[in-house]
Amino acid sequence: MNTTDENRRSLHHANERERIKAQYLVPKSERPTSSARGLHHTALISSDVQRTVEFYQGVLEFPLTELIENRDYPGSSHFFFDIGNGNLLAFFDFPGLDVGPYQEVLGGLHHVAISVEPDRWEKLRAKLIDAGIELAEHSEVSLYFRDADGARIELIADPLGEMYGNHVL
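Every chain is numbered independently, its residues counted from 1 as its sequence is written. Predicted model: local features are reported for residues with pLDDT of at least 70 only, side-chain atom pairs are reported and counted for 80 or more only, and whole-chain, interface and lining totals are derived from all residues. Water and hydrogen atoms were dropped before computing side-chain values, which therefore reflect all heavy atoms in the structure.

Novice: Which parts of the structure should I look at to understand the pattern of salt bridges?
Specialist: Salt bridge, as used here, is a side-chain nitrogen of Lys or Arg placed within 4 Å of a carboxyl oxygen of Asp or Glu. All told, the structure shown has nine salt bridges when counted by the stated rule. Residue lysine 21 pairs with glutamate 18 through a salt bridge whose shortest N-O separation is 3.7 Å. One end of the pair is lysine 21 and the other is glutamate 18, both in helix α1 (residues 3–24) and three residues apart, which spans about a single turn. Think of it in three bands: residues with accessible area under 20% of the maximum for their type are buried, residues over 50% are exposed, and the middle band is partly exposed, with areas taken using a 1.4 Å probe on protein chains only. The partly exposed category is assigned to lysine 21, whose relative accessible area is 42%. Classification of glutamate 18 by relative accessible area gives partly exposed; the value is 47%. Measuring nitrogen to oxygen at the nearest pair gives 3.1 Å for the salt bridge that ties glutamate 61 to lysine 123. Here glutamate 61 is found in the loop between α2 (49–59) and β2 (64–69), whereas its partner lysine 123 is found in helix α3 (residues 118–130), with 62 residues between them in sequence. Several salt bridges converge on common partners, so that one network encompasses Glu61, Arg120, Lys123 and Lys127. We count a stretch as a helix when DSSP gives it H or I for four or more residues in a row; a strand needs E for two or more, and each element gets its number in order from the N terminus.

Structure below.
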């Protein structure tokens, strides 16, 4: 694709975003209250329960809060990590089931962004580097990396409801 085509495509998408914003984005003062109470948990797939616990609890310092059998797949585990504010990051393993490698697909997970205090962000950044985890750092507040199964995780030092200094909530 040449630069002219890329510019046309970019302009088309910018116009489409503006159209959608004009049609659906309601000013905060007029926005209704959400029907949701919050994110209860997001569930990812783990190929190795112990390795996942060692990474999320050991490196990222998210306490393991429960480890139970998955009611939908006998022999499978369902386990949870506390990520603050009453929110959980959960995992399933599916022993004996070939789920294949992690893939980013349409309708699938792109990444999970977890807010941490700036001083904790610095500490976790150092722990990830010490653990040999490849990082991509953006805007001096976001760290992107992959867990052992390939899921992309972001640690962001911005407060909940903000992104790169902009209020998004």
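So that's the structure; there's more coming.
Novice: Would you explain the sheet that holds β2 in this entry?
Specialist: Where strands meet in a sheet, backbone hydrogen bonds hold them as pairs that are either parallel or antiparallel. Pairing between strands is defined by DSSP: at least two bridges between the two strands are required. The four strands lie next to each other as β1-β4-β3-β2, forming an open sheet whose pairing is mixed. Whereas interior strands pair on both sides, the edge strands pair on one side only; in this sheet they are β1 (41–45) and β2. Taking each pair of neighbouring strands and ignoring which way they run, the sheet shows an average axis angle of 20°. Bridging between β2 and strand β3 (residues 77–82) involves five bridges; their strand directions are antiparallel. Along β3, the bridge assignment pairs isoleucine 68 with histidine 78. Packing of α2 onto the sheet brings it into contact with β1, β2, β3 and β4 (88–92), and relative to β3 it is tilted by some 5°. Orientation is described by axes fitted as lines to C-alpha atoms, over the contacting stretch for helices, and by angles from 0 to 180 degrees between their N-to-C directions. When checking whether two residues touch, look at their non-hydrogen atoms; a contact exists if any pair is within 4.5 Å.

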